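Analysis of the macromolecular model
In case you want the letters, here they are:
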Protein chains: 2
Amino acid sequence: MKMLYHPDRAEIHLSSVLNALSDPIRLLIASEIRKSYEPTCGTIDVPVVKSTLSHHTRTLREAGVVNVRVQGTQRFLSLRTEDLELRFPGLLSSILDAFEASDEKKELMNAH
Amino acid sequence: MKMLYHPDRAEIHLSSVLNALSDPIRLLIASEIRKSYEPTCGTIDVPVVKSTLSHHTRTLREAGVVNVRVQGTQRFLSLRTEDLELRFPGLLSSILDAFEASDEKKELMNAH
DNA sequence: TCTAAATTTCGATTACTATCGAACAATGGA
DNA sequence: TCCATTGTTCGATAGTAATCGAAATTTAGA
């Protein structure tokens, strides 16, 4: 049983969160997580190979954006909505709402 | 008279804005601009040398976060508050409010 | 025209990061 | 126990970026 590092709420840093979400692929991952309830890595539809997806989910986890719940060989992903809302009010919603309204999402999906 | 590139409002991309603001120095610069009305590069208090500051203001400008107004040898900086609010509602405020409430700002000032 | 002031550009260095494929690890089921 | 599934780690590569000091640029003023 492997221990996955998740920063405590107080350890979540703004610049790390923004950095994690400044990559279009990671924005897409976060957006997919918000849409589907607790997807696994395997069900997330992103235009990269699985090792790259793994790298991105790790970045999101270590920044404090996502929580990873291990069950068997699967990892269930969820956004740390409450922690982020308490620490940076309004931030996550404004980012994901903006992303979903933007062209960036569509361009990524087309590349796939 | 040099032309400085500023993206049109519609050309401002979310990932570029987040990337620009994911650097602590640039968060500090944006925070200083919001506080003081149209500061020049020379009056902004950041713990880097002037050529590095120039690099950062360029990044912020090209991402569409700041407007640079040239007057003589000085460049007056302002946030593109209205453009950003129209394109990404609530985003800039939530970022800068979070930054100013955080420890990250204090740590940067101490390093100076 | 010369000089000082404000800022940028350039060159170099160092460090990080996105990506892939291959190998590895862990789990659950046949 | 063997195998398929799920996901991570590793090694390599290529691109990007933060930083500094020195040199260049641009403008205002003496």
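Residues numbered from 1 in each chain as written. Chains lettered and ligands numbered in written order. Predicted model: local features only at pLDDT ≥ 70, side-chain atom pairs only at ≥ 80, totals over all residues. Heavy atoms only, no water.

Chain A appears in an unreviewed UniProt entry as ArsR/SmtB family transcription factor from Paenibacillus hodogayensis.

**Overview of the protein's contact with DNA strand D**
Here is the rule we go by: Near residues are defined by distance, with any heavy atom within 4 Å of the molecule or strand qualifying the residue. The term polar contact refers here to a pair of N or O atoms within 3.5 Å; inside protein, the definition further demands a hydrogen-donor-capable atom paired with an acceptor-capable atom, and it admits residues adjacent in sequence only when both atoms are side-chain atoms.
With respect to spatial proximity, 23 residues lie near DNA strand D, and among them Gly42, Ser51 and Ser54 of chain A together with His55 and His56 of chain B are the closest. Contact distances for DNA strand D include 2.7 Å between a phosphate oxygen and a side-chain N or O atom of Ser54 of chain A. Contacts to DNA strand D include His56 of chain B, whose side-chain N or O atom sits 2.3 Å from a phosphate oxygen.

**Focus: the protein's contact with DNA strand C**
As a reminder of what qualifies: Only DSSP runs of H or I reaching four residues or more are called helices, and only runs of E reaching two or more are called strands; each is numbered from the N terminus. In this classification, Asp, Glu, Lys and Arg are treated as charged, Ala, Val, Leu, Ile, Met, Phe, Trp, Tyr, Cys and Pro as nonpolar, and every other residue, Gly included, as polar.
Near DNA strand C there are 23 residues, and of these His55 and His56 of chain A together with Gly42, Lys50 and Ser54 of chain B occur at the shortest range. Close to the protein, within 4 Å, the atoms of DNA strand C belong to sugar or phosphate groups at a rate of 67%. The contact in question runs from a phosphate oxygen of DNA strand C to an N or O atom on the side chain of His56 of chain A, over 2.3 Å. A distance of 2.7 Å is found between a phosphate oxygen of DNA strand C and a side-chain nitrogen or oxygen belonging to Ser54 of chain B. Mapped by element, the contributors of at least two residues to the surface near DNA strand C are helix 2 (24–35) and helix 3 (50–63) of chain A together with helix 3 (50–63) and strand 2 (74–79) of chain B. In the surface near DNA strand C, the residues fall into five nonpolar, twelve polar and six charged.

**Here we look at the relation of the copies chain B and chain A**
The condition is simple: In this comparison the copies share one frame, found by least squares on the C-alpha atoms of residues holding pLDDT of at least 70 in both. When checking whether two residues touch, look at their non-hydrogen atoms; a contact exists if any pair is within 4.5 Å.
Aligned on chain A, chain B shows an RMSD of 0.0 Å; the corresponding rotation is 180° and the shift along the axis is 0.0 Å. Taken together, the rotation and translation describe the operation of a two-fold axis. The share of interface residues of chain B whose copies in chain A are also at the interface is 100%, consistent with both copies meeting through the same surface.

**So, the pattern of salt bridges**
Where we set the bar: When a carboxyl oxygen of Asp or Glu is within 4 Å of a side-chain nitrogen of Lys or Arg, the pair counts as a salt bridge. Remark: exposure states derive from per-residue accessible area (1.4 Å probe, protein chains only) relative to the maximum for the residue type, with buried under 20%, exposed over 50%, and partly exposed in between.
By the definition in use, this model includes 16 salt bridges over all chains. A salt bridge links Arg34 of chain A to Glu100 of chain A; its shortest N-O distance comes to 2.9 Å. Of this pair, Arg34 of chain A sits in helix 2 while Glu100 of chain A sits in helix 5 (residues 91–101), placing them 66 residues apart in sequence. Among the ionic pairs, Arg9 of chain B bridges to Asp83 of chain B, the shortest N-O distance being 2.8 Å. Taken together, the positions of Arg9 of chain B in the segment before helix 1 (14–20) and Asp83 of chain B in helix 4 (residues 81–87) put the pair 74 residues apart, joining distant regions of the chain. The buried category is assigned to Asp83 of chain B, whose relative accessible area is 18%. Each of Arg9, Arg80 and Asp83 of chain A takes part in one network of salt bridges that share partners.

**Some points on the packing of helix 5 of chain A against helix 5 (residues 91–101) of chain B**
We apply this condition: Throughout, an axis means a line fitted to C-alpha atoms (over the contacting stretch in the case of helices), and angles, computed between N-to-C directions, take values from 0 to 180 degrees. If an angle is under 35 degrees, it is roughly parallel; if it is over 145, roughly antiparallel; if it lies from 65 to 115, roughly perpendicular; otherwise it is oblique. Take the far helix as your reference; a near helix turned counterclockwise from it by less than a right angle gives a left-handed crossing, and one turned clockwise gives a right-handed crossing.
The interhelical angle for the contact between helix 5 of chain A and helix 5 of chain B, taken along N-to-C directions, is 150°, at an axis separation of 9 Å. In terms of axis orientation, helix 5 of chain A runs roughly antiparallel to helix 5 of chain B. Crossing hand, helix 5 of chain A versus helix 5 of chain B: left-handed. Taken together, the residues of helix 5 of chain B that come into contact with helix 5 of chain A (itself represented by Leu91, Ser94 and Ile95 of chain A) are Leu91, Ser94 and Ile95 of chain B. For the contact of helix 5 of chain A with helix 5 of chain B, the class distribution of residues is four nonpolar, two polar and no charged.

**A word on the UniProt feature "domain: HTH arsR-type" (unreviewed entry) in chain A**
What counts, and what does not: UniProt positions are given in the numbering used here, feature names are shortened, and annotations may be inferred rather than shown by experiment.
With numbering aligned to this structure, UniProt lists the feature "domain: HTH arsR-type" (unreviewed entry) at residues 6–103 of chain A. What you have in residues 6–103 of chain A is 53% helix and 12% strand, and the ends, taken at the C-alpha atoms, are 31 Å apart.

**Quick word on helix 3 of chain A**
Residue and element names in this part refer to chain A. Stated precisely, the cut-off is as follows: For a helix, the expected span equals 1.5 Å multiplied by the residue count minus one.
Taking 1.5 Å of rise per residue, the 14 residues of helix 3 would be expected to cover 20 Å, and the 20 Å separating its terminal C-alpha atoms lies within 8% of that figure. Where helix 3 is buried, its residues meet helix 1 (14–20), helix 2, strand 1 (66–71) and strand 2 (74–79). Just downstream of helix 3, Gly64 is the residue with a positive phi angle, here 95°.

**Considerations on the interface of chain B and chain A**
Quick note on the threshold: Buried area is calculated as the accessible area (1.4 Å probe) missing from two parts once they are joined, with the contributions of both summed.
With 18 residues of chain B in contact, the opposing surface of chain A contributes 18 residues. With both chains or domains summed, chain B and chain A bury close to 1,500 Å², and 69% of this area falls on carbon and sulfur atoms. Summed over the shared surface of chain B and chain A, the result is zero salt bridges. Viewed at the interface, chain A and chain B are joined by four residue pairs in polar contact (both at pLDDT 80 or more). Mapped onto the side of chain B that touches chain A, the elements with two or more residues apiece are helix 1, helix 2 (24–35) and helix 5 of chain B. Looking at the side of chain B that touches chain A element by element, the count peaks at five residues for helix 5 of chain B. Here the side of chain B that touches chain A is composed, by residue class, of eleven nonpolar, six polar and one charged.

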